[in-house]
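The lines below spell out each chain.
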Amino acid sequence: MKNRYITISIFSIILLIGCGESFSKSNSSNNSNIGKAGSMARFALKGNYLYTLNKSEMNIFDVSESSNPKKISKIHTSFNVETLYSYKDYLYMGASDGVYIYDNREPTQPTYLSLFTHAKSCDPVVLENDIAYVTLNSSNSCWRQEPIGINRLEILDTHDPEKPKLIKRMDMWEPKGLAVKNNKLFICDGTEGLKVFDINKTETNSSLVIKLNPIDNNQEVNCYDIIALDNSLIVSNQTNIRQFDYSSFPMEILSEVK
């Protein structure tokens, strides 16, 4: 419950930061920071609609009037869905058995499209350039393989959301939240700290190759979730929320809320 509270707090902060950046960019018609939640969140915002997960249901709210949100529909989902991420016209649900993809072109009634299955583990998911990044961790709150849980990063090609394909796997220590922005991947990897990778993507013989080049590893930051904005990184754990400047490395801390 405490972790969820931190995630909700981060969401509120991002709403404020996003609006501030929006006003500073005059006549900007597209600000992706507004309404952006962390990878561990059980809710997502797309346009005038808010999507929330509740056990085996996804509830859909019309928030066009911010002071008067209205529940307009709900759909049934897998009982083990844990996280929710909105990307383009799709909703990506991280679950203990895989990543569920829903077509959201009809925003009041998302429809199931496909499932990429993986080992039993908790798994937040984020996307950029039609590539999905999924962390699997073996925390006690998750379904997991016995006798040893899975701790790794999986990278998926989702150019065709009906047929997601595995590109790469990488062993991790105990990854939780993650974020991707401007070809940089940020991962909270437990006591191994906050890791940052530069993403190099190439195509060889019609296959997609992803190489992750490590560029930073702050082992003093044991974080739970991350949100990457255009110029800064919001990082949370159970005790505080910190903002980092990731324009250069090692990253400089800009602010902290305890």
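Residues numbered from 1 in each chain as written. Predicted model: local features only at pLDDT ≥ 70, side-chain atom pairs only at ≥ 80, totals over all residues. Heavy atoms only, no water.

1. Details of the state of the cysteines
Here is the rule we go by: In what follows, a disulfide is any cysteine sulfur pair within 2.5 Å. Secondary structure elements follow DSSP: runs of H or I of four or more residues count as helices, runs of E of two or more count as strands, with numbering from the N terminus. Burial here depends on accessible area, computed with a 1.4 Å probe over protein chains only, as a share of the maximum for the residue type. Under 20% is buried, over 50% is exposed, and the range in between is partly exposed.
Evaluated as defined, the whole model comprises one disulfide. Note on cysteine connectivity: Cys188 is disulfide-linked to Cys223, with sulfurs 2.1 Å apart. Between Cys188 and Cys223, the S-S dihedral sits near -115 degrees, and the bridge is therefore left-handed. With Cys188 in strand β14 (residues 184-188) and Cys223 in the loop between β16 (207-218) and β17 (225-228), the pair connects residues that are 35 residues apart, well separated along the chain. Its relative accessible area of 0% is what places Cys188 among the buried residues. Judged by its relative accessible area of 4%, Cys223 falls in the buried class.

2. Regarding the sheet that holds strand β9 (residues 125-128)
The condition that has to hold: Criterion used throughout: strands pair if DSSP finds at least two bridges between them. Working convention: axes come from line fits to C-alpha atoms, limited for helices to the stretch in contact. Angles between N-to-C directions cover 0 to 180 degrees.
The four strands are arranged β9-β10-β11-β12 in an open sheet whose pairing can be described as antiparallel. A single partner strand is all that each edge strand has here, and the edge strands are β9 and β12 (165-171). The average undirected angle you get between the axes of adjacent strands in this sheet is 20 degrees. Across four bridges, the pairing between β9 and strand β10 (residues 131-136) is antiparallel.

3. As for the sheet that holds strand β4 (residues 70-76)
Strand pairing in a sheet is mediated by backbone hydrogen bonds. Such pairs are either parallel or antiparallel. The four strands lie next to each other as β1-β2-β3-β4, forming an open sheet whose pairing is antiparallel. On the outer flanks of this sheet lie β1 (43-46) and β4, each paired with one strand and no other. Here the strands of the sheet are splayed against their neighbours by 20 degrees on average, with no regard to which way each runs. Sheet topology note: the strand β3 (residues 57-62)/β4 ladder contains six bridges and is antiparallel.

4. Quick look at the confidence of the model for the protein
As a reminder, the rule being used: As a per-residue quantity, pLDDT reports the predictor's confidence and falls between 0 and 100. Only heavy atoms matter for contacts: two residues are in contact if any of them lie within 4.5 Å across the pair.
When pLDDT is averaged along the protein, the result is 84, and 82% of the positions lie at 70 or above. Per-element confidence in the protein ranges from a low mean pLDDT of 40 for helix α1 (residues 2-24) to a high of 98 for β14. Under a pLDDT of 50 for its full length, residues 1-34 has, in the predicted model, 47 contacts with residues more than four places off or in other chains.

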